[in-house]
Every structure is written in structure tokens, then in C-alpha cells.
Amino acid sequence: MKKILTFLVFFGSFTAFSQEKFTLSGTISEAETGETLIGVNVIIPSLQTGTVTNQYGYYSITLPKGEYEIVYSSIGFAAQKVKVSLSENVKKDLALTTDTESLDEVIIEANNERLNIRSSQMSANTLSTTTIKKIPVVLGEVDVIKAITLLPGVTSAGEGASGFNIRGGAADQNLILLDEATLYNSSHLFGFFSVFNPDAIKDLTLYKGGIPARYGGRISSVLDIYQKDGNKREYHASGGIGLVASRLLLEGPIKRDEASFLIGGRSSYAHLFLPLFDNDNIAYFYDLNAKLSYNLNDNNRLYLSGYFGRDVFEISDSFANSFGNTTLNLRWNHLFSDKLFSNLSLIYSDYYYGLELKFVEFNFDSGIRNFNLKYDFSHYISNDVDLRYGINSIYYKFNPGDVTPTTEDSGINPFKLTDKYAWENAAYVDAEIELSDKISVQAGLRLSTFNRLGQDELFLYENDNPIIYNPSLDIYQKAKPIDTVSFGRSETIKSFANLEPRFAISYLLNEDSSIKASYNRMTQYIHLISNTTSPTPFDIYAPSGKYIEPQLADQVALGYFRNFENYSLEVETFYKKVKNRLDYVDDADLIANDAVEQILLNGEARAYGLEMLFRKNTGKFQGWIAYTLSKSEQRTPGRTPVESGINNGEWYNSPWDKTHDISITGQYELTNKWSFGANFIFQTGIPTTYPEGQYEYNGVIVPVYGARNSSRLSSYNRLDLSATWTPKPDSNKRWKGEWVFSIYNAYNRKNAASISFRENTDINQNEAVRLSIFGIIPSVTYNFKF
Amino acid sequence: MKKLFLLVIFFGIFSSCEDVIDVALNDAPPRLVVEANLNVWENGTSQASVRLTTTAPFFNNGVPFITDATVTVTDENGTVYPFTYFENGFYTANLVPQLNIEYTLSIIYKDETYTATETLYTVSPLEFVEQRNDGGFTGEDIELKAFFTDPAGERNFYFFEGISERGDVLDVYNDEFFDGNTIFGYYLVEDLAPADEVQFNIYGVSEAYYNFMFILLQQTGGGGGPFETQPATVRGNIINETNPDNYPLGYFRVSEVSTLNYTVQ
């Protein structure tokens, strides 16, 4: 009864009932470095309850007056048991020491897992950098994105593809956050490397479903990554030297225990070898992470973080291309009381893409820029109820393209595609409630709005139809604008508002297992217009407006979670439906298109599947097996019964649909000098469109294509192996190093990235040519820390 | 972008590759393919030809010709120009296309009638060719630029051909970014050497033809780039009046042409 009343009265403050209650709160950090720790379990065994630290290491729980033993535990750290006498509000900060083996480990694990089983959060995976660093990857470089593709429900569109796909969703439907700032491109060099320097990362969580109300703006997933703050005790450096790229991170205190800095950089340099092959082209990337943290006092902390990354390509003297993300954010943690934690973020984020065609003498610049304000509150009302609420406001400026001639006698005229502006706002409230010993609920509501702001030169069409169907040729054609209007920047061309309910519930079957269910409604207002099967950096973001509707997704998921002594099992099934999924008509022309509405049709998408994750989390041998069985498809019917739509209005496979996806990864610590790792991946081939014939026109052979995405490439499979050698594991010296030997694609399978059909002019015969990108790649990296 | 992509693959990896594989493909039923061009030069010479073939299974060698169709072009004044079969699927006639006159193509094949309508698009003449011996992506190839001046203030679309024994280059241009300027058609083939003969042709075309050829060239690997579309069979401007579902491929184009012959220095 008490708990139900508590549930009803959770707005604002309320008085205790017959018992006095006090709050235990504090910040948990790592003893050696002073880094705050995310997701540390704070368990009160006697009450069968507990909480976890938030993204800033803060926890707060309100309990009845009494004496308690509190257990603080987290994987990789020695657990601590603390006796607390709660007769008034108690502030307990704690420092945990890293721990490689512990006798209590199994018991502590059980406590950790119990909390995970009970929590209503499902469809989420948290990976620590220790886990990520053990997974063998291409060229010996640890890669966050490649690590998450080993989880169920996560795939990429193929080698060389930028971005990743979650539960059948498109690559632009993932919200990627680095210290709360949005990133628009998650990889370097066409997907070979991710933009995340693994040394700078503290923690990452991937939400594939059951997305809490505090996140919004993308419909398929949230990849929430937090960087380290920087060691507040001592100066340290860490890094790695590899065959293709190297990295270095420096961190240390500015004022011991109060302020710290962190600065890291990475760069590739393999292009420097190209001149040896008579090739003076250039391809490299670099990125820079920087952070300043300052604890003003017990209740206030400031963080200033920045990220800058670029990819650079140059083909001899004729063509130069560079693109990348920039972010800068200022965050202020403030404790209003020990029950009310807040974080205010001011963020600037920029994605730039530039092209210089020297032989035609012009520059092309495009990009997206945004200013973002977020104010998030965590209100720890009682031990059964945690409330989160806040607001989020983003102002966008989209530059679809700016063409400028580089010389006076260039044949190209300057040209500017119209800038677009938008303002996205959201407010949310979210409650996590323990209804009873067995039932835990997360119920939230997010209200999001989007205003497409005024711009110069908006095209108007007859009947508001930017695209016309020509029935005699059975094709869609661009409509000619009948007028062009300009709006003032503070005017609104079109606005949207959507309510996004988010609901999740878990039911504890017994101490070791539970079932969970969730429903979420997500809205997405900006869309990546990409006509290729996987995103390229050249793809442009288009905001919703007069001709483009926001995407709306509904996802339901149901799961069963079970812990065994050293293993855990998660089985989930999901169904996702998306409205207003855009697709291009056949033969769409995207180059410098000022009016994408003329080539887009509105349709729907759906995905459903079964995911299974079986993990071993303890002991010398650790790893997991992930299996996903799923289907992802789209349908774009004509707007009237006469129109054919795309693929005659029938369902067709999304370009990233993979029926089976099996990932097995394992790490084995043989001794403290040697450890080994392996990955095995097997996936159904991606859909593709094959020709069904050929014809000749003007002396060229042209393939005749079949239905969109109706064929498949052959399956994708590979084995990766790695061995890590630590020469002096027990050394007391400050310098610690290890060698990582790895082989990517150990049996050298030629996985098809694409198959192109063309004429072999030497023998005048058509051929199917398979492009495979990675054969067997051995590599060596030396990682160090001092 | 293909080159860019391959460049990225190359660095440090050395193990990516392209290889020819066997793929089992479906064979769609054959469809009529029409290559109908009415060309006229500034000096009054003309060439009118219609080539009829059908589609064939993808791995076949060559496409079948159609020798038994009835081909005519009628202008808006009612004058009928009959075409007679020549060889290799080509039908020819004596026709000098004029400005501002609508021409209608009619093909009767297997009891079905296919029609299309077009008008003449003019073109600016090719003026001169500039040669550079350190061009191309490797900086070592001979590259040629054939210059012409685009008329200012009107939308113009061009189809460009550079033809020689070393290889042909086909491209389409639209003057959105170079309206009124002197611009060039770009010709680059491997192993171009001094004394090679190259013929440059530039045709004035409609916007619809520009879109048609743009997609076509992408699908044949002649265009390509980061803007590649989902492949789908590109339709032209010819319809089957008898049976609309049995639409033909290809295009009926009426163009003014400018030709420039050049010998590589």
C-alpha cells in the first residue's frame, strides 16, 4: 500500500509516513586516478534494494532510519562493504581500487547481476573499455564500433561501410553521443576506424530498445559514450604504435584532487609509404580529444570537453577531400540537494564536408552545425522511486552545399544551395519505480517539437506536390516549382509536435531470472539523404519541413533474462514499425540537389527479430555468443492507386537486412604474460539488385536490373585471432608495455563487399566482378602506459 | 569515388582484390531497345539512324538485331520519312531536322506500335582542344579538354563523346554551374599517345535526355562516383501504345552536333 501511495505522490516533495527516512548519497571514484565511476552498484542486501551511480558517478538512495551494511561493487574493482548508521542524511564518497582477482568475486557478481535482472532496463548493453580492448580487430586497432557489432541486433552494412545498423534500422537512426554532444559520423576512412580513441573512453552504453525518455531525436538506438575526466592524482600517458596508425593520451592533475586535464590524439600515416609505389596520393585521418575537469566544491563540478576529427584524401594534384566532426561542450554538475542532481550542458557540434576539384577549379563545402542546450535532473525521491526530467533544445543550420571557383578563369560559377534552419526542442519526465519485490517499472513521456525555420528560396509546387508521376512512362519525375518564397529567419515554415511515451517493466521470476517488456515511441526530425546502400561522408542531412515528414517509430520488445553461476543469458524479441521512412525513386539524381523533395517518396519500414546473448563474464576464459534472426524491409507504395511506387508498392528488403547474424567472441588469459582472443562472425549476405539481362546503347553495354534488393550476396564470415604479450607483467617500473599480434580474417575469405556487373572490353564478354576489401591482414601494435 | 575507395583500400592492406566470379542470374524476357538519333551539323549535313535490338541474357555475347520492323519519322507538318534497314539493326533515312518542328518516331514491331516525340536542341560549337601531358589521376597521362562556350541565360544540356581507337569517353553536362562560361569536355584514356586521332562530338540535348544518360553512364561504370543510385532500369521517352507494360528501352533524340577532330601532339 505504502509503495502505491508513494507512486501516486511522486511529484515534488512529500512527507514520510510513519517512518523517518534519510538519504545516503555521494560520488564513487577510482582510487588510483580519481575518475568518477559510472554504473557502480550500491546494494543494501538487508533491504533487497539498491541503486547505481549515474554518468557522473553520483548516487543517492533514501532509506528508513537504521543501521545498514552497504555493498559497493563494480566489475573490475574490489568490492567494499561499509557500515552506515543512517540517523541523518549521510554523504559517503568512496574510492574503489581496481581488482584483478577476488575471492568474493562470485558473490559480488551475483549481487551485480541481481540488480541487472531486477532493473526494468532491457535491450541495452554496457561495455567497459577493458572488454573492448580485448576484442581482436582489424589492423590491431581497438575499435568501439566493431566491438558493438559483435552484440546481437547490431550489424554494419559491410566492410568499408560507415555507420552501423541496429535492429533493422538505418544508419542515420542512431544517436551517437560523446560526453552528451551529438556526432554525425562515427567512422574514419570509410568505416575502417571509428572516431573514438579507446584510451579516452570511460564507459559506453548502447540502447537498442527500451530507450529512456531522456533520449530522443533518432529512432533506432542511442550509443551513449562518456570520456574519462583525466587522472586527478598523477601524470600519466598511454598510447599505442601500430603499423597503420598510432595514438597518444596525456592526462594529469592541474590541481591535485580538484582539477584535471586529458588530451589525446590519433593519426594514421600509412599514406607516407605510397610514394614508394610511385603513388603520390594521400589518405589519412587524425583526431583529437581534450577535456578539462574542475571540482569547484562538493556540490559543483565543471567539465569542458572537445573533439576534433578529420579524414583527408588527396588524389595527386587534382582532387582533395576532407570531412569530420567537431564538438565543444561545457557541462556543469550541480547538486541542489542530496536528492536532486542536475547537469547543464552547452554544446556546439559541427560536421564538415569539403571537396576541392583542382582540375575543374572549384571548391565544394557543406555541413551541419548545431547549438545545443540540455538541462537534465535526476531526482532520487525515495529508495523505490527515481525521477528524471529535463529539457533539450537544439538549433540547426544545414549547409547543403557551397560551390566557389578557385581561380579567376575557372569555368565554374559560384553557387550556393540554400541554407536551412531548424529548432528542435524536447521536455521529458521519466520515473523508475520499484512497485514491489518483483516488479520494476520505468514509465516516461517525452514531448518533442520541431520548427522548420525560415530560409531564402523555398520552392512551392502545384498542389504541394514536388514529385509527379508520369503514367505513360511509369516513372516519377521532378515537378517544376511554380514559385519561390523567402521567409525571415525567425518565421516558422512548418512545425511538428509529438508525444513519445516510453514504458518498460520487469518481473522477477526468481532470484536468477526475470522477464521484461518494453514499448517506445520515437521521433526523428532530421534525415540522412543517402542513395548509396551505406552512408558516405557526402550524404546530406535534410530537416523535416513542408515536404518531408518526421519519421515515427514504435517498438515493442519482450525478453527473458537468466543468470547462472558464471554465465548469463538474454533472449529478446522485438518488433519495430516506422512511418514516414523516405526512399528515392528509381534513377534519383542527388548531386548538389537543392530540392531533395523532388526525388523522395514517403513509405514505411518494419523490422522484427529474435536476439540471443549468452555470456561468460568471469574467470580466465570470458566471452559471448550472440545470435540474431531478423528481417528488415521497406515499402513505398504510390500515393494513389494508379501510381506504381517503388518496386510496385511491394515490400523489399532494406539494404542492410541480414537474416542470420552469429558473433562469437572469446578471450583467454593463459598466464599473466600471454592472453589470446578470437572472433568468429557469420552473417547472411546483404541484399543487392542483380541484372536480368543486358542491352547496347550508343556503344555501351547496359545491364537490365531486376526488382530492388531481391537478390543476395554470398554469406559473410570471418575469423580473427589475437595474442597479447606482456613481457614484464610484474614490473614495478613506471613504463608498462604490451605487444598485440593480430590476424584479421585468418582464413582469408574473400567476402563480397559488392558485386558489379560490367563488360570486360578485352574479351568483349560481360562479367560479374566481386570486390572484397579485407583479405587476411596480420598486424602488430605496441601499447604502452606510463 | 571508386578510385578514392580503392586508394583507401590500398594503404596498409595490400590484400583487397577484385575477382571475377560465377553468379547465376535470372533471364528476363527480351525487350525492344531503340537507339534513335536525328543529328544535324552546322553546315547542313545530317544523319538519321534508328538502331533496333533487343535485350539479351546478361552473360551472352552480343545482342540480337531486329531486321523486320517498320520505322518512320513524321514531322508536325505531316511529312513522313520512311527508314530502310541497313545492317546490324540500323535503319537509316534522309532527314535534316529543323528547329522548332516536332518529330514523331513510330516503330511497328511484332504488331505493337512504339512512339516518341522530340524537337531539335541546338549546341554551341567545339572551339579548340587543349592538351596536357601531365594530367589524370597519376599525373602521367595525356589529357585532352575540348572547349565550347555555353550560351548565357538559358538552361543547356550536353552529351559529349570523345572517340578514338584507345577508348571512348561519354559524358553529359548541365550548365547549372557554368552558365555563360567557356567550359570543356574532358577526355582521358589509358595509353593515349602522340599521333592518335580523337574525334570529339558534342550534342545539344533535352533535360530528360541528360537525366537518362546520366543514370545510364553510372550503371555502365562510365560515370559513377559517390552519387551512385540504386540500380534500376532507366526508361527513355518512347512508349508502347499497344501494350504499355511492354515498354522499350533507349531514346529518341534530335540534336544539333558539333564535331572536332584532333590529332594528339
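The structure presented is a predicted model; accordingly, all values stated were derived computationally and were not measured.

A word on the overall build of chain A. Counting its regular elements, chain A contains 4 helices and 53 strands. Relative to its length of 786 residues, chain A is compact, with a C-alpha radius of gyration of 27 Å against a globular reference of 28 Å. Here chain A, with 786 residues, has 60% of them falling under the buried criterion. Across chain A, every contact between residues at least 6 apart in sequence was considered, and the portion connecting residues at least 24 apart equals 66%. When the accessible surface of chain A is split by element, carbon and sulfur atoms take 56% of a total near 30500 Å². One way to put it: in chain A the 74 positive side-chain charges average out to a point 6 Å from where the 90 negative ones average out.

Turning our eyes to something else, we now look at the sheet that holds strand β17 (residues 221–227) of chain A. Residue and element names in this part refer to chain A. Strand order in the open sheet made by the 5 strands is β9-β16-β17-β12-β13, with mixed pairing throughout. Where the open sheet ends on each side, the last strands, each with one partner, are β9 (124–128) and β13 (181–183). Each adjacent strand pair in this sheet contributes to an overall mean axis angle of 20°, direction not counted. Here 6 bridges tie strand β16 (residues 201–207) to β17, and the two strands are oriented antiparallel to one another.

Here we take up the sheet that holds strand β13 (residues 182–187) of chain B. Backbone hydrogen bonds hold the strands of a sheet together, and the pairing may be parallel or antiparallel. Residues and elements named next belong to chain B. Spatially, 3 strands are ordered β9-β10-β13 in an open sheet, and the strand pairing comes out antiparallel. Each edge of the open sheet is held by one strand with a lone partner, namely β9 (126–135) and β13. In this sheet, adjacent strand axes meet at a mean angle of 30° when their direction is disregarded. Relative to β13, strand β10 (residues 141–149) runs antiparallel, the two sharing 6 bridges. When the sheet's bridge partners are listed, Lys-145 is paired in β13 with Tyr-186.

Right, let's talk about the pairing of strand β39 (residues 567–584) of chain A for a bit. Residues and elements named next belong to chain A. Where strand β38 (residues 551–563) meets β39, 12 bridges bridge the pair, whose relative direction is antiparallel. Bridged to Leu-558 within β39 is Thr-573. A loop of 3 residues connects β38 with β39, the two strands running antiparallel in sequence. Bridge count for β39 against strand β40 (residues 600–616) is 17 bridges, and the pairing is antiparallel. The partner of Tyr-584 across the bridge, within β40, is Leu-600.

This brings us to the confidence of the model for chain B. Residue and element names in this part refer to chain B. In this model, chain B carries an average pLDDT of 86, and 89% of its residues clear a pLDDT of 70 or more. Long-range and interchain partners of residues 222–227, a stretch whose pLDDT sits below 50, account for 10 contacts in this model, where long-range means more than four residues apart. Here the predicted complex scores 0.84 on pTM and 0.90 on ipTM.

All names here are of chain A. Where strand β18 (residues 236–242) and strand β19 (residues 245–255) come together, 6 bridges link them in antiparallel fashion. Bridge assignment links Gly-240 to a residue of β19, and that residue is Arg-247. Between β18 and β19, which pair antiparallel one after the other, the connecting turn spans 2 residues. Of the pairings in the sheet, the one linking β19 to strand β20 (residues 259–268) comprises 10 bridges and is antiparallel in character. Bridging from a neighbouring strand, Arg-247 pairs with Arg-266 of β20. Here β19 hands over to β20 after 3 residues, with Asp-257 in that stretch at a positive phi of 70°.

Here we take up the packing of aromatic side chains. We describe a pair of aromatic rings using the distance from one ring centre to the other and the angle between the two ring planes. On inspection of all chains with the given rule, the structure shows 52 aromatic pairs over all chains. Judged by centre distance (5.1 Å) and plane angle (10°), the rings of Trp-735 of chain A and Phe-786 of chain A are stacked. Residue Trp-735 of chain A is found in the loop between β49 (716–725) and β50 (736–744), and its partner Phe-786 of chain A is found in the segment after β53 (777–785); the two are separated by 51 residues along the sequence. A relative accessible area of 44% places Trp-735 of chain A in the partly exposed class. Each member of the aromatic cluster is reached from another via a ring pair, and the members are Tyr-56, Tyr-58, Tyr-226, Tyr-303, Phe-341 and Tyr-380 of chain A. The ring of Tyr-247 of chain B has Arg-235 of chain B sitting right over it, with the charged end atom 3.6 Å from the ring centre.

Let us now look at the side chain of Ser-366 of chain A. Residue and element names in this part refer to chain A. Along the chain, the position of Ser-366 falls in strand β25 (residues 362–380). By relative accessible area, which is 8% here, Ser-366 ends up buried. Among all residues touching Ser-366, those that are not within four sequence positions of it are Tyr-351, Tyr-352, Tyr-353, Asn-399, Pro-400 and Gly-401.

This part takes up the confidence of the model for chain A. Confidence in the prediction for chain A averages 85 pLDDT; 90% of positions are at 70 or higher. Low confidence marks residues 4–17 of chain A, where pLDDT is under 50. Its contacts with residues over four positions away, or in another chain, come to 11 contacts.

This part takes up the nonpolar core. In this structure, Ile-148, Phe-196, Leu-223 and Tyr-396 of chain A together with Leu-144 and Phe-200 of chain B are the most contacted members of the largest nonpolar core, which totals 92 residues. Of all the elements, β10 of chain B adds the most residues to this core, at 5 residues. With near-sequence residues (within four places) excluded, Ile-148 of chain A lies in contact with Leu-127, Val-154, Phe-164, Leu-204, Leu-206 and Leu-223 of chain A. One finds Ala-69, Val-73, Ile-101 and Leu-105 of chain B within the second-largest nonpolar core, a separate group that totals 27 residues.

So, about the pattern of salt bridges. Residues and elements named next belong to chain A. A full pass over the atoms with the stated rule returns 35 salt bridges over all chains. The closest approach of N and O atoms between Arg-233 and Asp-257, which form a salt bridge, is 2.5 Å. Placement of Arg-233 in the loop between β17 and β18 and of Asp-257 in the loop between β19 and β20 is noted, with a sequence separation of 24 residues between them. Arg-233 sits in the partly exposed class, given a relative accessible area of 24%. On the basis of relative accessible area, Asp-257 is assigned to the partly exposed category, the value being 37%.

So, on to the side chain of Ser-60 of chain A. Looking at the element boundaries, Ser-60 of chain A is found in strand β4 (residues 58–64). Every residue in contact with Ser-60 of chain A, bar those within four places of it in the chain, is listed here: Thr-23, Leu-24, Ser-25, Thr-51, Asp-338, Lys-339 and Tyr-380 of chain A.

Cut-offs and rules
- Residues numbered from 1 in each chain as written.
- Chains lettered and ligands numbered in written order.
- Predicted model: local features only at pLDDT ≥ 70, side-chain atom pairs only at ≥ 80, totals over all residues.
- Heavy atoms only, no water.
- Helix = DSSP H or I, 4+ residues; strand = E, 2+ residues; numbered from the N terminus.
- Rg over C-alpha atoms; globule rule 2.2 N^0.38 Å.
- Buried < 20%, exposed > 50% of the residue type's maximum accessible area, 1.4 Å probe, protein only.
- Contact = heavy atoms within 4.5 Å.
- Areas by Shrake-Rupley, 256 points an atom, 1.4 Å probe, with all protein chains shown as cover.
- Lys, Arg positive; Asp, Glu negative; His and termini not counted.
- Charge placed at Lys NZ, Arg CZ, Asp CG, Glu CD.
- Pairing = 2+ DSSP bridges.
- Axes fitted to C-alpha atoms, helices over the stretch in contact; angles between N-to-C directions.
- pLDDT = per-residue confidence, 0-100.
- Phe/Tyr/Trp six-rings, centres within 6.5 Å; stacked < 30°, edge-to-face > 60°.
- Lys NZ or Arg CZ within 6 Å of the ring centre and 35° of its normal.
- Core = buried A, V, L, I, M, F, W, Y, C linked by side-chain atoms within 4.5 Å.
- Salt bridge = Lys/Arg side-chain N within 4 Å of Asp/Glu carboxyl O.

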